[in-house]
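# Summary of the model geometry
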Amino acid sequence: MNARRGSGGWGAPGRTLNMAKRADPKQIEFLVHQAAMLERTGRVHEAIDAMVSATQAAPARADLAHRAGVLMIRGRRYRDAVAMLTRASALAPKDAVIHHDLGTALFRDGEFGRAAERFERAHGLEPTNAVHLVSLAFARERLRDRAGAMAAAESALALDPSNGSAMVVVADELVRSGRAEEAIAMAGRALATALPGRMEARAHHVQGRALERLERYDEAFAAHMRCNEAVRVRAGGQAALEKPVERLMRDVRREGLAAVFQRWATEAPAHTPDPVFLCGFPRSGTTVVEQIIGMLPGVATNDEQAHAGLVLREMDRARPGMLDGELVEAFDRLSPDEVARYRAMLWAQIVERMPGYGAGTIAIDKQPLRLMDLVLVQRLFPRARMIVMVRDPRDVCLSALFQNFDPNPAMARFLTVETTGAFYAEVMSFWVEMRGIVTMPWMEVKYRDLVRDLAGQSRRIAEFLGVEWTPDVARFHEAAGERAVTSASYNAVTEGINDRSVGRWRKYAAHLGPVIAAVRPIVDAYGYEAE
């Protein structure tokens, strides 16, 4: 793992910071130039360090804070970006672009209501700029304010009739309203404009959903594959695909692992809180179960935050090269103080913005691909509990293929049939192997059982958590409409639970040969029908 920050030269945080403390204007401009050069060579985190040093040397310059914040967005450090861009907006309160970029950072961090406020402020400062209205439409979509999203998109089109991004928002709403043919036509109009890569992908995605509603399955599959190709070629998907996230599972020795896990469990700090990890492969039902659990008393949940990556980056910063080899050995070398520090860091990230969390509350950390972090979690939280969602692998893979995900290194695996099947097989095979030796108590919940018996399965979950069951769990979809959901299920989760997606893969079986072959061992392991 080569998540280096400050590995030498002027990119090193200490040297850059020392320079900034004695910086004159020429030195500040040198830091800005240095940041640009580092960014161009892909060293984004080092570029951020340089820009932060520049802002420390010239704290009254809004332009420097703005540049630093935009870099933080690129580096996926969204909370840091929010703080930096908030500072920039206070220094330049009439700069619409800064307010818009702050809205973008808030949106990426799941703060959709606050993002909408910033986009509205940007629109107030530049009322003839349709871009602000389009972003406002996106934020209102995530708030499930369909009428507000449509109004913002239509206002954008009134300002700029050729705005393809606004057309895509309108097309999306047409699909949701059951007007599939109109949605296909509107998305086609959008595709005839000069759309950004992500919006081009979304237009194809909208057409795919509309075509499925019309039961034109072969055409729907082709549209979704055009969406994925647009992400791969024009939205960074190929670069993300080339990052080896699988090494979190592959660089784990198996020999003697059970004994190491047992020893880690005896070494874990006592009298400190443990979360419950809600995980499973993406599109397996974790969002639904999170909302169900959220209805139980004495429980608080969060919504898919990349906490483990922050801890791993800090480990690599503190001990450069530590994570480049076999991971069990690397984690085994951590001192008790280091284990306690990283445990506290991960815990703080989990509960930092967890609504309703307090003393005596059970903290539920929902992150589907936490399964890949099992060795790290076992090192830091060997007494934590795990709820693992399981769903028919073929339905999971189809759903993942058909989601217009943000192309981070994990989600980029869903851009092709081949990589989707291979990634699913590797992650779930890793879990099947590890579940026999982890010291963490765990339970599996099958999505099909949840569909058939919501009350019975939610009682199982409540018993596992040690909390009282309530019939209010049946109303989870109503409560979900009032919560921010950052996952791709943000709309579906408000529809309640149904069996429409069970066996959906059969409609597309002719296109799923590589998936069907790759996941067959997991199909057999969990007893799903072979055909």
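Residues numbered from 1 in each chain as written. Predicted model: local features only at pLDDT ≥ 70, side-chain atom pairs only at ≥ 80, totals over all residues. Heavy atoms only, no water.

For the rest of this paragraph, the subject is the overall build of the protein. The helix and strand tally for the protein stands at 27 helices and five strands. Against the 2.2 N^0.38 benchmark of 24 Å for 531 residues, the protein shows a C-alpha radius of gyration of 24 Å, consistent with a compact globule. Sequence separation of 24 or more characterises 71% of the internal contacts of the protein that already satisfy a separation of 6 or more. Carbon and sulfur atoms form 52% of the exposed surface of the protein, whose accessible area is close to 21,900 Å². Of the side chains in the protein, 70 bear a positive and 67 a negative charge, and the two mean positions are spaced by 3 Å. (Helix = DSSP H or I, 4+ residues; strand = E, 2+ residues; numbered from the N terminus. Rg over C-alpha atoms; globule rule 2.2 N^0.38 Å. Contact = heavy atoms within 4.5 Å. Areas by Shrake-Rupley, 256 points an atom, 1.4 Å probe, with all protein chains shown as cover. Lys, Arg positive; Asp, Glu negative; His and termini not counted. Charge placed at Lys NZ, Arg CZ, Asp CG, Glu CD.)

On to the nonpolar core. Of all hydrophobic cores here, the largest spans 142 residues; its most connected members are Phe 281, Met 315, Phe 331, Met 386 and Phe 423. Every residue in contact with Phe 331, bar those within four places of it in the chain, is listed here: Trp 264, Leu 312, Met 315, Met 322, Leu 323, Val 375, Leu 376 and Arg 379. Counting 25 residues, the second largest nonpolar core, distinct from the first, contains Leu 278, Ile 364, Met 443 and Ala 462. (Core = buried A, V, L, I, M, F, W, Y, C linked by side-chain atoms within 4.5 Å. Buried < 20%, exposed > 50% of the residue type's maximum accessible area, 1.4 Å probe, protein only.)

Detailed reading of the predicted coordinates is not advisable wherever pLDDT falls low. Of the residues in the protein, 91% reach a pLDDT of 70 or more, and the chain-wide mean stands at 89. The low-confidence segment residues 1-21, where pLDDT is below 50, has 54 contacts with residues more than four positions distant or belonging to other chains. (pLDDT = per-residue confidence, 0-100.)

Let us look at the packing of helix H22 (residues 393-401) against helix H23 (residues 417-434). Running from amino to carboxyl end, H22 crosses H23 at an angle of 135°, the nearest separation of the two axes being 10 Å. Classified by the interaxial angle, the pair formed by H22 and H23 is oblique. H23 is crossed by H22, and the crossing has right-handed handedness. Across from Pro 393, Val 396, Cys 397, Ala 400 and Leu 401 in H22, the residues of H23 making contact are Val 417, Thr 420, Gly 421 and Tyr 424. (Axes fitted to C-alpha atoms, helices over the stretch in contact; angles between N-to-C directions. Parallel < 35°, antiparallel > 145°, perpendicular 65-115°, else oblique. Left-handed = near helix turned anticlockwise from the far one by under 90°.)

Along the chain, Asp 172 turns up in helix H10 (residues 164-176). Polar contacts involving the side chain of Asp 172 include one to the side chain of Arg 176, which spans 3.1 Å. Setting aside anything within four residues of it in sequence, one finds Asp 172 in contact with Glu 141, Arg 202, Val 206 and Arg 209. (Polar contact = N/O pair within 3.5 Å; in protein donor to acceptor, adjacent residues only side chain to side chain.)

With that settled, the discussion passes to the pairing of strand S1 (residues 276-280). In terms of burial, S1 is a largely internal element, five of the five residues being buried. A two-sided burial pattern is seen for S1, the buried positions comprising Val 276, Leu 278 and Gly 280 on one face and Phe 277 and Cys 279 on the other. Pairing of S1 with strand S3 (residues 362-366), which is carried by three bridges, proceeds in the parallel orientation. By the bridge assignment for S3, Leu 278 is matched with Lys 366. Here S1 pairs with strand S4 (residues 385-390) via five bridges, running parallel. Looking at S4, one finds that Leu 278 is bridged to Ile 387. (Pairing = 2+ DSSP bridges.)

This part takes up the packing of aromatic side chains. The geometry of two aromatic rings is summed up by the distance between their centres and the angle between their planes. On inspection of all chains with the given rule, the structure shows 14 aromatic pairs. For the ring pair Phe 277 and Phe 381, a centre distance of 6.1 Å and an interplane angle of 65° mean the geometry is edge-to-face. One end of the pair, Phe 277, is in strand S1; the other, Phe 381, is in the loop between helix H21 (374-380) and S4, with 104 residues separating them in the sequence. The pair formed by Phe 277 and Phe 381 is uniform in burial state, with each residue classed as buried. (Phe/Tyr/Trp six-rings, centres within 6.5 Å; stacked < 30°, edge-to-face > 60°.)

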